[in-house]
Each structure stands twice: as structure tokens, then as C-alpha cells.
Amino acid sequence: MSKSNLLIRPKGTTGLVHDVTPASAGWTYVGFALHKLAAGEVTGGEAGDKELCLVLVSGKARISVDGVDLGEIGERMTPFEGAPWAVYVPMGSEWVADATTAVELAVCAAPGGGSYTAKVIPPGTHPRITRGKGANVRHVYNIMPEDDASANSLLVVEVITPQGNTSSYPPHKHDQDNLPHESFLEETYYHRMNPPQGFAFQRVYTDDRSLDEAMAVEDGDVTLVPRGYHPVATTAGYDLYYLNVMAGPKRVWKFHNAAEHEWLLK
């Protein structure tokens, strides 16, 4: 079976295990990195011309931005234990994360701009949303939604999909810069499974099928959505977490549902 170029396996189990850049993904806006640290380890970086959202996928860390200590943040030890802690880092800033427990730290990146300031985004900043019904139920934690006026281009959200359910479904896409009908947004998915030996499936496809890839995703994988529809399905016994990073020319999430599946919303 040929390997999908939209599916990225982690490169190791410690340190920088994912490093998706616009150059490596072959697109323009979205970056995603993931650091796995032991207690006492330190990582950091410079935002440069990007703005960042640091998401504590699991564990706790003391985070500082431009030398200002924002304190120890994080509380859940797995991404299946409630809402996330996160930190917004504006362009031109330096950040440091000092792990106080074992930590999984996601670094979500998109083009910076404007005069935004660093801030902690604690759990409960945005309410948990449950979408869908029946086997299409999933639970959404917005971290940086389009209406928070907190960033230039970055959109960040977590989703928990219970075992056996579908998500990002009915299939939708956001690959046309055609507001108010649809916005153009690149997107990454960072997947985690509970229990971790599980797997799920994701399909990325366009109406004309010029892009049509189906992928078996496992714990720790990243998938890329450059364009097209991108539904996800979990398997019985295994809950799925994913962290989405989206960005495009405008900070608006306006999607188009696949016409042949829109009856599911009736």
C-alpha cells in the first residue's frame, strides 16, 4: 500500500516529534510542531513573522513570553481529561516552556500581524460545544475561535469524538476564498487515541476526486488538509482526540457541506 503524503507519523517519542511548516506541507499559512518533554526539560523558540498558540495537550509547564513569567499552566495529564490550557504568543516574541511534569506541547503557527499581546487562555475561556446527534456526536473545545478578536490569522480548536462516531461530518470543505459563502483555510489534525493502541480513519477528497486519500490514523499522527472534504471516523472501543490548526487569507471559518450528504443535517 502506498504511503499518503497527507499522513505524517511522529519522528520519535521524545523531543520535537512533529515539525510541519508551510514549506514542508507545500502550502502557505499553517505550521504545527509538537514537543514531548520529560519533567525538568526546557524548550522554546522565536515566533518571528508568525503568531503562535502553545497548547498543553497533556501535562504542566511554566511558560514565559519575552521574559515575562506567565506561571505554571496545565492540569490534565491526557487530552481526554477535560478542557485545555493554552498561551497566545504574538509575532516577534520569544517563548520558553519549562516542563514541570511530562508534557506534550503543541505549537500552532500562522502568519502574524496587528498588535496582539501574549496571554494565557485557561480552560473555560470558551464553553464546550456538543455537535451532531447519534453516531455523529462530538465535543468541541474552542481555544482560538474566529470571534475572539485575539489573533491575526490563527484558528485553534480541539475535538473529542466518542468511540464509533464520525466527526468533521457530514463532509465539509473550506478551500474557496469566496466569502460570505466559504473561506479558504489550510488545516492540520493532530490525532490521539484512547486507549492509545486504537486507530481511526480520515478521508481527504475533492468533488472531482483529483484529490482522494483515505488514511488509517494512529495515536500521535498528523494529517494535512490542503483542500477538499476531510471527514473522520473512529472505531468501536476507541475515543479520538484531535487538535486542529487552521489559517488562510482571512480569519473566518465558513465551510461548505458536501451537497450529497447534506440530508444528514435535516
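Residues numbered from 1 in each chain as written. Predicted model: local features only at pLDDT ≥ 70, side-chain atom pairs only at ≥ 80, totals over all residues. Heavy atoms only, no water.

Chemist: It is not clear to me how the overall build of the chain should be interpreted in this structure. Could you clarify?
Modeler: Looking only at helices and strands, the chain has 1 helix and 25 strands in total. For 266 residues, the compact-globule formula gives about 18 Å, and the C-alpha radius of gyration of the chain, at 17 Å, lands near that figure. With respect to the three principal axes, the spread of C-alpha positions in the chain is 50 × 40 × 35 Å. Here the chain holds 266 residues, and the buried ones make up 52% of them. Considering only intrachain contacts with a sequence separation of at least 6, the fraction spanning at least 24 residues in the chain is 73%. By element, 52% of the accessible surface of the chain is carried by carbon and sulfur atoms, the whole surface being about 11400 Å². In the chain, 22 side chains carry a positive charge and 32 a negative one; their mean positions are 5 Å apart. (Helix = DSSP H or I, 4+ residues; strand = E, 2+ residues; numbered from the N terminus. Rg over C-alpha atoms; globule rule 2.2 N^0.38 Å. Buried < 20%, exposed > 50% of the residue type's maximum accessible area, 1.4 Å probe, protein only. Contact = heavy atoms within 4.5 Å. Areas by Shrake-Rupley, 256 points an atom, 1.4 Å probe, with all protein chains shown as cover. Lys, Arg positive; Asp, Glu negative; His and termini not counted. Charge placed at Lys NZ, Arg CZ, Asp CG, Glu CD.)

Chemist: Could you clarify how one ought to interpret empty space enclosed by the protein in this entry?
Modeler: It is the rolling of a water-molecule-sized probe over the atoms that shows where space remains empty. Tallied over the full model, the rule gives 1 cavity of 30 Å³ or more. Around the largest cavity sit A83, P84, I121, P122, P123, G124, T125, H126, Y141, N142 and I143, which together line it. With 3 residues, the single largest contributor to the lining of the largest cavity is strand β13 (residues 138-144). Its residues placed into classes, the lining of the largest cavity shows 7 nonpolar, 4 polar and no charged. (1 Å grid on protein atoms, 1.4 Å probe; cavity = no way out; pocket = protein on both sides within 12 Å on 5 of 7 lines; lining within 4 Å. Points joined across faces, edges and corners; volume = space filled by probe spheres on them. Nonpolar A, V, L, I, M, F, W, Y, C, P; charged D, E, K, R; others polar.)

Chemist: Explain the layout of surface pockets here, please?
Modeler: Considering only enclosed or pocket space, the largest pocket measures out at about 450 Å³ in volume. Going through the elements one at a time, β13, β14 (155-161), β19 (186-194) and β24 (239-247) are the ones with two or more residues in the lining of the largest pocket. When grouped by side-chain class, the residues that make up the lining of the largest pocket number 15 nonpolar, 7 polar and 5 charged. Those elements that place two or more of their residues in the lining of the second largest pocket are β2 (15-20), β3 (31-37), β4 (42-46), β5 (50-58) and β10 (103-111). It is β3 that contributes the most residues to the lining of the second largest pocket, 4 residues altogether.

Chemist: Sorry, what's going on with the pattern of salt bridges here?
Modeler: Following the criterion strictly, the structure yields 12 salt bridges and no others. A salt bridge links K173 to D175; the shortest N-O distance between them is 2.8 Å. On the accessibility criterion, K173 (9% relative accessible area) is buried. When its relative accessible area of 14% is taken as the criterion, D175 is described as buried. The shortest N-O distance in the salt bridge between K173 and E182 comes to 2.9 Å. The burial state of K173 is the same as that of E182; both residues are buried. A single network of salt bridges, built from pairs that share partners, joins R9, E218 and D221. (Salt bridge = Lys/Arg side-chain N within 4 Å of Asp/Glu carboxyl O.)

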